[in-house]
Amino acid sequence: MIFDLHGFGPALAAGTLMTIKLALSALAVGLVLGLLGALAKTSPYKPLQWLGGSYSTIVRGVPELLWVLLIYFGTVGLMRSLADLLGVESLELSAFAAGTIALGLCFGAYATEVFRGAILAIPKGHREAGQALGMSKTRILWKLILPQMWRIALPGLGNLFMILMKDTALVSVIGLEEIMRRSQIAVTASKEPFTFYMVAAFIYLGLTVLAMIGLHYLEKRASRGFVRSAS
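In the nomenclature of an unreviewed UniProt entry, the protein is known as Amino acid ABC transporter membrane protein 1, PAAT family of Ectopseudomonas chengduensis. As recorded by UniProt, the Sequence similarities (unreviewed entry) comment attached to the protein reads in full: "Belongs to the binding-protein-dependent transport system permease family. HisMQ subfamily."

Next comes the structure, spelled out in structure tokens:
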């Protein structure tokens, strides 16, 4: 069966590219926030533990869609005040920026727990060995802890990225023209909802398969030297 896309093929391709850009941007933000949150929760200092715990609890307790709406509409007053301060006529947060911040914030909250579990899974003897060699705490973190943490955390982060790819559809509510927004426009014009929503489903499925292949490669590469073949 040949799907008649009524000329909306290029628009859906552009929406797919926007989805990929949004997912990767939110991933970058989320990884930084997740790592900082995990380091705070595993810190020996109580204020940092409280800060990391509050971040992961509050963000995970509110639906992702609400974060998208709160960040997009809640920054209107802040942007106006900033525009007045800078002497600019108008200043606003774009839908892409709001979506990146919101999805990155949510990804980071869940990644905090993944990173935290990975850090705690590293034997304490490794840190003690670094100290015995005269390594500083910073050097132990960068040379011993983080490399092992990434290897342990990769499967969990991969699952979170799959969820993130699908959560990009939420940003369509604030007008970002990603896959779902483009599909909705095509449905309105063509009156063929099944066709275009099915195409959108296959696009998301294709992106998921590509992401799984990439994650498998990263996991295999990160596990070099740790996986032993059976004799």
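So that's the structure; there's more coming.
K.L.:
Tell me about a nonpolar patch on the surface, residues and numbers included.
P.N.:
Judged by side-chain polarity, Leu 82, Leu 85, Leu 86, Val 88 and Leu 91 come together as a nonpolar surface patch covering roughly 450 Å² of accessible area. With respect to the helices and strands, the residue Leu 82 is situated in helix α4 (residues 76-86).

K.L.:
Could you give an account of the packing of helix α2 (residues 46-60) against helix α5 (residues 95-121), naming the residues involved and the relevant values?
P.N.:
The geometry of α2 relative to α5 is characterised by a closest axis approach of 9 Å and an angle of 125° between their N-to-C directions. The angle between α2 and α5 places the two elements in the oblique class. As α2 packs across α5, the resulting crossing turns out to be left-handed. Contacts between α2 and α5 pair Tyr 55, Ser 56, Val 59 and Arg 60 from the former with Gly 104, Leu 105, Cys 106, Gly 108, Ala 109, Tyr 110, Thr 112 and Glu 113 from the latter. Split into classes, the residues belonging to the contact of α2 with α5 amount to 6 nonpolar, 4 polar and 2 charged.

K.L.:
Give me the packing of aromatic side chains: which residues, what numbers.
P.N.:
Per the counting criterion, the structure on display carries 3 aromatic pairs. Centroid distance Phe 8 to Phe 196: 5.8 Å. Interplanar angle 85°. Geometry classified as edge-to-face. Separated by 188 residues along the polypeptide, Phe 8 in the segment before α1 (9-41) and Phe 196 in helix α9 (residues 193-222) bring together distant segments of the chain. Of the residues examined, Phe 196 reaches a relative accessible area of 0% and is grouped as buried.

K.L.:
Tell me about α9, and name the residues and values.
P.N.:
Relative to the 44 Å expected for 30 residues at 1.5 Å per residue, α9 spans 43 Å between its end C-alpha atoms, a close match to the ideal helical length. Looking at α9, one finds that the buried residues are Thr 195, Phe 196, Val 199, Ala 200, Ile 203, Tyr 204, Leu 207, Thr 208, Ala 211 and Leu 215. On its buried face, α9 is in contact with α1, α7 (137-167) and α8 (179-190).

K.L.:
Now, about unusual backbone geometry: what can you tell me, with residues and values included?
P.N.:
Even without a glycine there, the phi angle at Lys 191 is positive, about 60°. With respect to the helices and strands, Lys 191 occurs in the loop between α8 and α9.

About the cut-offs
- Residues numbered from 1 in each chain as written.
- Predicted model: local features only at pLDDT ≥ 70, side-chain atom pairs only at ≥ 80, totals over all residues.
- Heavy atoms only, no water.
- UniProt positions renumbered as here; feature names shortened; annotations may be inferred.
- Patch = residues over 30% accessible without salt bridge, like charges linked within 9 Å, V, L, I, M, F, W, Y side chains within 5 Å.
- Areas by Shrake-Rupley, 256 points an atom, 1.4 Å probe, with all protein chains shown as cover.
- Salt bridge = Lys/Arg side-chain N within 4 Å of Asp/Glu carboxyl O.
- Helix = DSSP H or I, 4+ residues; strand = E, 2+ residues; numbered from the N terminus.
- Axes fitted to C-alpha atoms, helices over the stretch in contact; angles between N-to-C directions.
- Parallel < 35°, antiparallel > 145°, perpendicular 65-115°, else oblique.
- Left-handed = near helix turned anticlockwise from the far one by under 90°.
- Contact = heavy atoms within 4.5 Å.
- Nonpolar A, V, L, I, M, F, W, Y, C, P; charged D, E, K, R; others polar.
- Phe/Tyr/Trp six-rings, centres within 6.5 Å; stacked < 30°, edge-to-face > 60°.
- Buried < 20%, exposed > 50% of the residue type's maximum accessible area, 1.4 Å probe, protein only.
- Expected span 1.5 Å × (residues − 1).

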